[in-house]
Amino acid sequence: MKYVLMFVETEQFARGLEAMGELEREAAYAAVGRWFAENSDKITHHTHLAPVHTATTVRLAGGGEPVITDGPFIEGKEVVSGFAEVKVADLDEALALARSWPACPIVEIRPAS
């Protein structure tokens, strides 16, 4: 089965990352690199998204003209910062991958076709 693991960054997580010293931040990024390397046999595609301030949002108003704005301007204090598409046996295996994710504090899992 295919699933997409969406890595969700919170404001608190982003502040913590910014507050890290260079060596600590490099170690955090290295842990993410190891996670991808250790699970490369299951990962079919992955990417890190550009910072949230680079987003453009299109709101499709029921039958009206779409409204386009700079920025995500979504409700909430969490943003998807990247994703990995994985091919695993079942949801339990996808959950095991998510539990071992060493970075963002939230991983949303969705089936993909």
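What counts, and where the lines are drawn
- Residues numbered from 1 in each chain as written.
- Predicted model: local features only at pLDDT ≥ 70, side-chain atom pairs only at ≥ 80, totals over all residues.
- Heavy atoms only, no water.
- Helix = DSSP H or I, 4+ residues; strand = E, 2+ residues; numbered from the N terminus.
- Polar contact = N/O pair within 3.5 Å; in protein donor to acceptor, adjacent residues only side chain to side chain.
- Contact = heavy atoms within 4.5 Å.
- Core = buried A, V, L, I, M, F, W, Y, C linked by side-chain atoms within 4.5 Å.
- Buried < 20%, exposed > 50% of the residue type's maximum accessible area, 1.4 Å probe, protein only.
- Pairing = 2+ DSSP bridges.
- Axes fitted to C-alpha atoms, helices over the stretch in contact; angles between N-to-C directions.

## A few points about the side chain of Glu85
With respect to the secondary-structure elements, Glu85 resides in strand β5 (residues 78-87). A polar side-chain atom of Glu85 sits 2.5 Å from a polar atom in the side chain of Thr44. When near neighbours in sequence (up to four residues on either side) are disregarded, Glu85 contacts Lys2, Tyr3, Val4, Lys42, Ile43, Thr44 and His45.

## A short note on the nonpolar core
In this structure, Phe7, Trp35, Phe36, Val86 and Trp101 are the most contacted members of the largest nonpolar core, which totals 14 residues. Going through the elements one at a time, β1 (2-10), α2 (22-38), β5 and α3 (91-99) are the ones with two or more residues in this core. Not counting chain neighbours up to four residues away, the residues in contact with Val86 comprise Met1, Lys2, Tyr3, Leu5, Lys42, Ile43, Thr44 and Leu97.

## Some thoughts on the environment of Val32
Note that Val32 resides in helix α2. Judged by relative accessible area, which is 17%, Val32 ranks as buried. For Val32 and Ser113, which are 81 residues apart along the polypeptide, the C-alpha to C-alpha distance reads 26 Å. Leave out the neighbours within four places in its chain, and Val32 touches Trp101, Pro102 and Ala103.

## Observations regarding the sheet that holds β5
Spatially, the 4 strands line up as an open sheet ordered β2-β5-β1-β6, and their pairing is antiparallel. Each end of this open sheet is capped by a strand with a single partner; those strands are β2 (43-48) and β6 (106-112). Here the average twist between neighbouring strands, direction ignored, is 20 degrees. Pairing between β1 and β6: 7 bridges, direction antiparallel. Each bridged residue has a counterpart across the sheet, and for Val8 the counterpart in β6 is Ile106.

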